[in-house]
Amino acid sequence: AHQHNMARIIDGKAIAATLRAEIKAEVDAIISSNGRVPGLAVVLVGNRPDSATYVKMKKRVAAELGFKSFDMEVPASVTQEELLQIVTDLNNNPEVDSILVQLPLPSHIKEANILDAISLEKDVDGFHPLNVGFLAMRGRTPTSVSCTPLGCIELLDRSGITISGKKAVVLGRSNIVGMPVAMLLLARDATVTMCHSKTEDLPSVVREADIVIAALGRPQLVRGDWIKPGATVIDVGINSVDNGKGGTKLVGDVHYEEAVKVAGAITPVPGGVGPMTIAILMRNTLNCCKRRSSAAATSSSTSS
């Protein structure tokens, strides 16, 4: 059998740290020129432990970077009207550049109504239907693109992986990862195949891929023999499974121990895509801030 060296590990922690340092340098420059620092609003409804953990991490990174945080923690019993009012107030607050509503929301609230209410220019997650539409259309630019998909592309770029002309297979068609990452890959001239629960003979489809993006939420579904030797594997899955010792461990949607022996490059779980999501959230917020500040400067110079 052909002897393959172990895959290169794509270190999301290290790449995210580089990204954060770049953002910090820009924020420091804003502060030294007496500009307005980026303002990030995070809305947490209820107290799901996973959501609360994410929000805590986002707050910590925002503070490290010198952002201003606007945190709204509301009980799960909040009505849709009350939540819409919170979003409206944040839309109208000039110090807030970006608004993130932590999903999932309680079942009595219609997610779509809340996401649609976030102002387009502050839609840091890129979930507003207009932003998704802009992403899908050639020649149009969304104000922001969803953080996890953009993080995947950033990992490929900063690891020197060619996207143009390559075959990319995306597993999962969620609004949060699968769809937007497929559109981003397409915009970068990859040949994109989207797989999902109804795909026939999934392994042979995945074997065609130069780039695999796994975002199905099925622990260790993608096996080593599904991977084309030398392919790049970006594992978006975060699944908590039994570790056989009475506890739990985090695993991705890819069987890492098998895939690492076949792939050319692979992201670990944890420490791959996860840290990138938060770093991109911060960069999106910085970009919202710069765009709003330059728009304000333009309008004030025309009105004076």
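Our subject in this report is the structure included herewith. (Residues numbered from 1 in each chain as written. Predicted model: local features only at pLDDT ≥ 70, side-chain atom pairs only at ≥ 80, totals over all residues. Heavy atoms only, no water.)

Turning our eyes to something else, we now look at the sheet that holds strand β8 (residues 232-235). Read from one edge to the other, the open sheet built from 6 strands follows the order β1-β11-β8-β7-β5-β6, with strand pairing classed as parallel. Each edge of the open sheet is held by one strand with a lone partner, namely β1 (8-9) and β6 (191-195). Here 4 bridges tie strand β5 (residues 167-171) to strand β7 (residues 211-214), and the two strands are oriented parallel to one another. In the strand pairing of β7, leucine 171 is matched with alanine 214. On the sheet, helix α6 (residues 147-158) packs against β7 and β8 and is oriented at approximately 150° with respect to β8. Contacts between helix α7 (residues 178-187) and the sheet are confined to β5, β6 and β7, with β6 contributing the most and set at about 165° to the helix. (Pairing = 2+ DSSP bridges. Helix = DSSP H or I, 4+ residues; strand = E, 2+ residues; numbered from the N terminus. Contact = heavy atoms within 4.5 Å. Axes fitted to C-alpha atoms, helices over the stretch in contact; angles between N-to-C directions.)

Following both chains from N to C, one finds α6 and α7 inclined at 40°, their axes separated by 8 Å at the closest point. With respect to α7, the axis of α6 lies oblique. Crossing of α6 against α7: the hand is right-handed. Residues Pro149, Leu150, Cys152, Ile153 and Leu156 of α6 lie in contact with α7, whose contacting residues are Pro180, Val181, Leu184 and Leu185. Among the residues forming the contact of α6 with α7, the class breakdown is 9 nonpolar, no polar and no charged. (Parallel < 35°, antiparallel > 145°, perpendicular 65-115°, else oblique. Left-handed = near helix turned anticlockwise from the far one by under 90°. Nonpolar A, V, L, I, M, F, W, Y, C, P; charged D, E, K, R; others polar.)

By the element assignment, serine 159 lies in the loop between α6 and β5. Accessibility expressed as a relative area gives 13% for serine 159, which makes it buried. Excluding anything up to four places from it in sequence, serine 159 contacts Arg8, Ile10 and Ile15. (Buried < 20%, exposed > 50% of the residue type's maximum accessible area, 1.4 Å probe, protein only.)

Of note, the amide linkage connecting leucine 103 to proline 104 takes the cis form, showing an omega dihedral of -5°. The residue proline 104 is located in the loop between β4 (98-101) and α4 (111-117) in this model. Of the consecutive residues valine 269 and proline 270, the connecting peptide bond is found in the cis state with omega at -5°. One non-glycine residue, asparagine 34, lies in the positive phi region at around 60°. In this structure, asparagine 34 sits in the loop between α1 (12-32) and β2 (39-45).

This part takes up the pairing of β4. Residues Ser98 and Leu100 point to one face of β4 and Ile99 and Val101 to the other, with burial holding for every one of them. The pairing of β2 with β4 spans 4 bridges and is classified as parallel. Counterpart to leucine 40 in the pairing with β4 is serine 98.

Before going further, it helps to examine the sheet that holds β2. Pairing in this open sheet of 3 strands is parallel, and the strands run β3-β2-β4 from one edge to the other. Single-partner strands in this sheet number two, and they are β3 (68-74) and β4. Averaged over all pairs of adjacent strands, the angle between strand axes in this sheet comes to 15°, irrespective of strand direction. Across the sheet, helix α3 (residues 80-92) is in contact with β2, β3 and β4; its angle to β2 comes to roughly 175°.

On to the layout of surface pockets. Volume-wise, the largest pocket comes out at about 1300 Å³. Lining the largest pocket we find 47 residues, and of these Tyr54, Thr148, Ile238, Gly274 and Thr277 sit closest to its centre. Among the secondary structure elements, those contributing two or more residues to the lining of the largest pocket are α1, α2 (49-64), β4, α6 and α10 (273-303). The dominant element in the lining of the largest pocket, judged by the number of residues it contributes, is α2, at 9 residues. (1 Å grid on protein atoms, 1.4 Å probe; cavity = no way out; pocket = protein on both sides within 12 Å on 5 of 7 lines; lining within 4 Å. Points joined across faces, edges and corners; volume = space filled by probe spheres on them.)

Across the interface, helix α5 (residues 129-136) lies against α7 with an axial gap of 9 Å and an inter-helix angle of 30°. The angle between α5 and α7 falls in the class roughly parallel. On α7, the residues that touch Val132, Leu135 and Ala136 of α5 are Pro180, Met183 and Leu184.

Now for a nonpolar patch on the surface. There is a patch of nonpolar side chains on the surface, built from Tyr54, Met57, Ile238 and Leu250 and spanning about 340 Å² of accessible area. Tracing the backbone shows isoleucine 238 in the loop between β8 and β9 (239-242). The class of isoleucine 238 is partly exposed, set by a relative accessible area of 45%. (Patch = residues over 30% accessible without salt bridge, like charges linked within 9 Å, V, L, I, M, F, W, Y side chains within 5 Å. Areas by Shrake-Rupley, 256 points an atom, 1.4 Å probe, with all protein chains shown as cover. Salt bridge = Lys/Arg side-chain N within 4 Å of Asp/Glu carboxyl O.)

If you check α3, its first and last C-alpha atoms are 18 Å apart, about what 13 residues at 1.5 Å a residue would give, namely 18 Å. Within the span of α3, buried status applies to Gln80, Leu83, Ile86, Val87, Leu90 and Asn91. Here the buried residues of α3 occupy an arc of 140° about the axis, which is enough to place them on one side. When the buried face of α3 is taken as reference, the exposed residues oriented beyond 90 degrees from it are Glu81 and Asn92. The inward-facing, buried residues of α3 abut β2, β3, β4 and α4. (Expected span 1.5 Å × (residues − 1). Arc of directions from axis to C-beta.)

So, to be careful, I would describe these as geometric facts and stop short of saying anything about function.
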